Amino acid sequence: MVRVLKPVELIVVASEKGRVTVKYPYQEPLVTSDFRGAIRIDASKCIGCGACVKACPPNALELLESPERLVIRYFVGRCIFCWRCVDVCPVKAVVGTREFELATDRVEDLFNYTVHRRAECRECGSGFATRRMVEYVTEKSAVSEYYANECPECRKAKILNAVARRRGGV
Amino acid sequence: MPGVEEYVRLAQERGGRWVVHGDTVHLVVDPSDLRPIADKIFNEYGACFRTCVGTDERPLNNHFSITHLFTDDRSGLYIALKSYLDPENPVAPSIADVVPAADWCELEAWDMLGIRFEGRRLERLVLPYWWPEGVHPLRKEFDYKSRPDVSLARSERVTLRKEVGTVPLGPYHPALHEPEYFELYVKGERVVDVRYRGFHVHRGIEKLAESRMNYQQVNFLAERICGICGFEHSTCYALAVEKAAGVDVPERAQFIRSIVLEVERLHSHLLLLGVAFHLLGYDAGFMHMWRVRERTMVLAEMLTGSRKTYGINLVGGVRRDINEEKKSKVLSELGELVKDFKRVVEIAVSAPNVKRRLTGTGLLPKEDARRLGVEGPVARGSGIDKDARRDLPYAAYKYASFRVPVYTEGDNMARVLVRVEEVFESVSIIEQLLDKLPKGPIMAEKVEIPPGRVGVQVVEAPRGGDVHYVLTGDGRPYRWRVRAPTYANIPALKVMLRDQRLADAPITIASIDPCFSCTDRVVVVRDDGVVERLEVGASW
Ligand code: SF4
Ligand code: SF4
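On a predicted model such as this, the values are computed, not experimentally measured, just so you know.

A. Representation of the interface of chain A and chain B in the model. Listed by partner, the interface residues are 26 residues for chain A and 34 residues for chain B. Buried area between chain A and chain B, both sides added, is near 2,400 Å², and the carbon and sulfur share of it is 51%. There are four salt bridges connecting chain A and chain B. In this structure, the salt-bridge partner of Arg319(B) is Asp87(A), at a minimum N-O distance of 2.9 Å.

B. Representation of the packing of aromatic side chains. All names here are of chain B. Per the stated rule, a full pass over the model turns up 19 aromatic pairs over all chains. The interplanar angle of 20 degrees and the centroid separation of 5.9 Å between the aromatic rings of Trp104 and Tyr196 together place this pair among those described as stacked. Taken as a pair, Trp104 in helix H4 (residues 103–113) and Tyr196 in strand E11 (residues 190–197) lie far apart in primary sequence, 92 residues in all. Tyr196 shares its class with Trp104; the two are buried. Three or more aromatic residues link up through ring pairs in this structure, and these residues are Trp104, Phe182, Tyr196, Phe199 and Tyr487. Above the ring of Tyr78, the side-chain terminus of Lys243 is found at 3.8 Å from the ring centroid. A cation over a ring is seen here: Lys308 above Tyr310, with NZ or CZ 4.9 Å from the ring centre.

C. A look at the pattern of salt bridges. Applying the stated rule across the entire model yields 63 salt bridges over all chains. Put simply, Glu123(A) and Lys158(A) hold a salt bridge, and the shortest N to O gap is 3.4 Å. Residue Glu123(A) is located in the loop between strand E6 (119–120) and strand E7 (127–128), and its partner Lys158(A) is located in helix H7 (residues 152–166); the two are separated by 35 residues in the primary sequence. As a salt-bridge pair, Glu346(B) and Lys342(B) come within 3.6 Å of each other at their nearest N and O atoms. With Glu346(B) and Lys342(B) both in helix H10 (residues 324–349), this residue pair falls four residues apart, about one helical turn.

D. Spatial organisation of the site of ligand 2. Neighbouring residues of ligand 2: Cys46(A), Ile47(A), Gly48(A), Cys49(A), Gly50(A), Ala51(A), Cys52(A), Ile72(A), Cys89(A), Pro90(A), Val91(A) and Val94(A). Tallied by class, residues from the shell around ligand 2 come to ten nonpolar, two polar and no charged.

E. Main features of the side chain of Thr130(A). All names here are of chain A. Positionally, Thr130 belongs in the loop between E7 and helix H5 (131–140). On the basis of relative accessible area, Thr130 is assigned to the buried category, the value being 0%. For Thr130, the residues in contact, after removing those within four places along its chain, are Ile47, Gly48, Leu70, His116, Arg117, Arg118 and Ala119.

F. Expanded view of the site of ligand 1. Contacts to ligand 1 come from Ile39(A), Cys56(A), Pro58(A), Leu61(A), Tyr74(A), Cys79(A), Ile80(A), Phe81(A), Cys82(A), Trp83(A), Arg84(A) and Cys85(A). Here the shell around ligand 1 is composed, by residue class, of eleven nonpolar, no polar and one charged.

G. Quick look at the UniProt feature "domain: NADH-quinone oxidoreductase subunit D" (unreviewed entry) in chain B. As recorded in UniProt, the sites labelled "domain: NADH-quinone oxidoreductase subunit D" (unreviewed entry) are residues 281–449 of chain B. Helix makes up 57% of residues 281–449 of chain B and strand 2%, and the two end C-alpha atoms of the span are 52 Å apart.

H. Highlighting the state of the cysteines. Residue and element names in this part refer to chain B. Going through the model one piece at a time under the given rule, you end up with one disulfide over all chains. Here Cys52 pairs with Cys105 through a disulfide, and the sulfurs are 2.4 Å apart. Taking the torsion about the S-S bond as the criterion, the Cys52 to Cys105 disulfide, at about 115 degrees, is right-handed. Here Cys52, found in strand E3 (residues 48–56), pairs with Cys105, found in helix H4; they are 53 residues apart in sequence, far enough to count as distant. Of the two residues, Cys52 and Cys105, neither departs from the other in class, the shared state being buried.

I. Region of interest: the UniProt feature "binding site: Fe cation" (unreviewed entry) in chain B. Here, UniProt's "binding site: Fe cation" (unreviewed entry) annotation points to Cys229(B) and Cys518(B). Once you skip the residues sitting within four places of it in the chain, Cys229(B) turns out to touch Glu264(B), Ala461(B), Pro462(B) and Arg463(B).

J. How the structure looks around the sheet that holds strand E5 (residues 77–85) of chain B. Residues and elements named next belong to chain B. Across the sheet, which stays open at both edges, the five strands sit in the order E1-E2-E5-E4-E3 with mixed pairing between neighbours. What marks the edges here is a single partner per strand, and that holds for strand E1 (17–21) and E3. Shown here is a sheet whose adjacent strand axes are inclined to one another by a mean of 20 degrees, direction ignored. In terms of strand pairing, E1 meets strand E2 (residues 24–28) through five bridges, oriented antiparallel. Each bridged residue has a counterpart across the sheet, and for Arg17 the counterpart in E2 is Val28. In the packing of H4 onto the sheet, the strands contacted are E3 and strand E4 (64–72), and the crossing angle to E3 comes to about 10 degrees.

About the cut-offs
Sequence order as written defines the numbering, with residues in each chain counted from 1. Lettering for chains starts from A, numbering for ligands starts from 1, and both go in the order in which the items are written. Whole-chain, interface and lining totals are the exception, using all residues; otherwise, since this is a predicted model, local features are given only for residues with pLDDT of at least 70 and side-chain atom pairs are given and counted only at 80 or more. Excluding hydrogens and water, the side-chain figures rest on all heavy atoms present in the structure. In what follows, residue pairs with any heavy atoms lying within 4.5 Å of each other are defined as contacts. The term buried area denotes the loss of accessible surface (1.4 Å probe radius) that occurs when two parts are joined, taken as the sum for both partners. Salt bridges, as used here, are contacts in which a Lys or Arg side-chain nitrogen is within 4 Å of a carboxyl oxygen on Asp or Glu. When the centres of two rings from Phe, Tyr and Trp lie within 6.5 Å, Trp using its six-membered ring, the rings pair. Their planes under 30 degrees apart give stacked, over 60 give edge-to-face, and anything left gives tilted. Secondary structure elements follow DSSP: runs of H or I no shorter than four residues count as helices, runs of E no shorter than two count as strands, and numbering proceeds from the N terminus. Here the term buried applies to any residue with accessible area under 20% of the maximum for its type, exposed to any over 50%, and partly exposed to those in between, with areas from a 1.4 Å probe on protein chains only. Charges are assigned to positions over rings by a cutoff of 6 Å between ring centre and Lys NZ or Arg CZ, combined with an angular limit of 35 degrees from the ring normal. Throughout this document, a residue counts as near a molecule or strand when at least one of its heavy atoms sits within 4 Å of that molecule or strand. Amino acids are sorted into nonpolar (Ala, Val, Leu, Ile, Met, Phe, Trp, Tyr, Cys and Pro), charged (Asp, Glu, Lys and Arg) and polar (every other residue, Gly among them). UniProt positions are given in the numbering used here, feature names are shortened, and annotations may be inferred rather than shown by experiment. Disulfides are defined as pairs of cysteine sulfur atoms found within 2.5 Å of each other. Only when DSSP finds a minimum of two bridges between them are two strands counted as paired. Only C-alpha atoms enter the line fits that serve as axes; for helices the fit covers just the stretch in contact. Angles between N-to-C directions range over 0 to 180 degrees.

In structure tokens:
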């Protein structure tokens, strides 16, 4: 008799537990404080080093380059909320948020751009790296200022010249 | 019980080469010796066949290669049996007649690499039928971004068998909302034969990793192999790379991995139990099972930052620590969970309709289970006592004591009961490991991965053994081979469904807790009973 009635006990469980679903979206919060959501790049801190782009597994962060500008493009539609970018950013410009309600009817809302101006080479005047990055490097080590203002091409050419001269060349 | 010497002797006797690297015995033999050696390892030594790996090694040494992976679960050994094949015309003898479990992986190596297997019928398994002949995507010269030209939509007539009725089950599973396609041939109410067409979309994950990811990024790709046991895959990948490169992973990281792996098992088993009740028309049981399951999801979010246990594995360790506060939260939550689960599951399993529909249906005899190399609860429900956590210990499992439940009935009930018991074991493992959690860092100091090394790892996922094989390359895996447990379990459905009632087919299919990868297809049943599959082959 007891065994036959066993399944009925579920009614007791149900009445004890009551309603467990929440009235989303009117009831907060749906995620806990440990949740990893979308990220935000603080444009005032970012130096445009590209470390986050390199670490990002699904290419949600991309580097768009032109001679004048360097742009970090964040496409949240691809982001897997892993926060690898948060880990690797040398200046803590990337902050993780708990945002996950990202639906929109305008695709532009899913993109975020961090725009950098290129540094100008002291020798040839062409754009390289970013201004911020050069500032950052110089700040870290004052000695490097002289070299930091030169583009990699000019630096290479100078070294080659120096080597050639030592060998008794020009 | 054969040990390292016996395995080494297999290559020695036939003039092959061998290397023993940690727990892995690598044997390199002539292709003509593959079959007798595989036969001996599988049928005489009773080792478990896990998968085979085809590799295009032409850029390295101008050869293709095929590697059969076995594990000897009694001596805790991995055996990698390898042969180099001709670069122009790669041919290997098929071992599928002596090792039936190798059936699919040989077909896959044929599809993906064009390795021809002699002594068996070769047919498409993974590639869609509209894929052009002679294009093998895992060959190194195939660019991962290239797309073959194909026409847009074509339909394939699947069957027109007169003597039996055909019941298409798919393209979506009635409960799992995933695409797969079974064709059940019925006589009256009885299923007399089954055909399976799967791999509806092959995501090319291995190719992607071998082409554009770096070692650490692959962890995040590996997770996405499965929407349920993602952490198992990233752990398995990380362990394989760490094994290959000899990375020294801190103990604490290994403990955290094991803890999260068990949380994952909890949510996976609770999910399946709920689905099983739903399929049997017992929705009250389903709802309550999922109510209990929600607790594990919150635990997962607390430990990993994601309800889906994503995002914390790296080669060399983990990214999130467990502090004292979390530890006590997990423990109290688990206590509640066990009480709740015990009560609900006892009620649910004693419901008469559940009991009757599960008992005696979907039978898988032990010998078939062994031959087909089934994994996890499917194996343990058919009397095969294997569990990689105990037999090939990894992460921190050697520090926990637990029981491996085994049932000999081989029916749907047995597979359900195995999972029910495993829930209790998992809770106990988490408690033990949290208690013993050692202090220290959670990430290795140095992660250096030299090219040309091989790592093979099996991780016991909720559905059975995951297998990852990594041949390291320059900045990324040169070859990464993944085998999920469902891959080994689906072929056994042929046995389980045959001679059963049609009405039990959905629950029997669900009883292996299958994981199919996804895309849309359409099955059209015409008036005259012809079943047609319509495929939308993109012209991208
Ligand atoms: S959170 Fe992960 S996926 Fe998203 S932008 Fe950062 S690195 Fe890329
Ligand atoms: S890592 Fe940080 S500083 Fe560098 S580009 Fe990304 S956000 Fe900017």
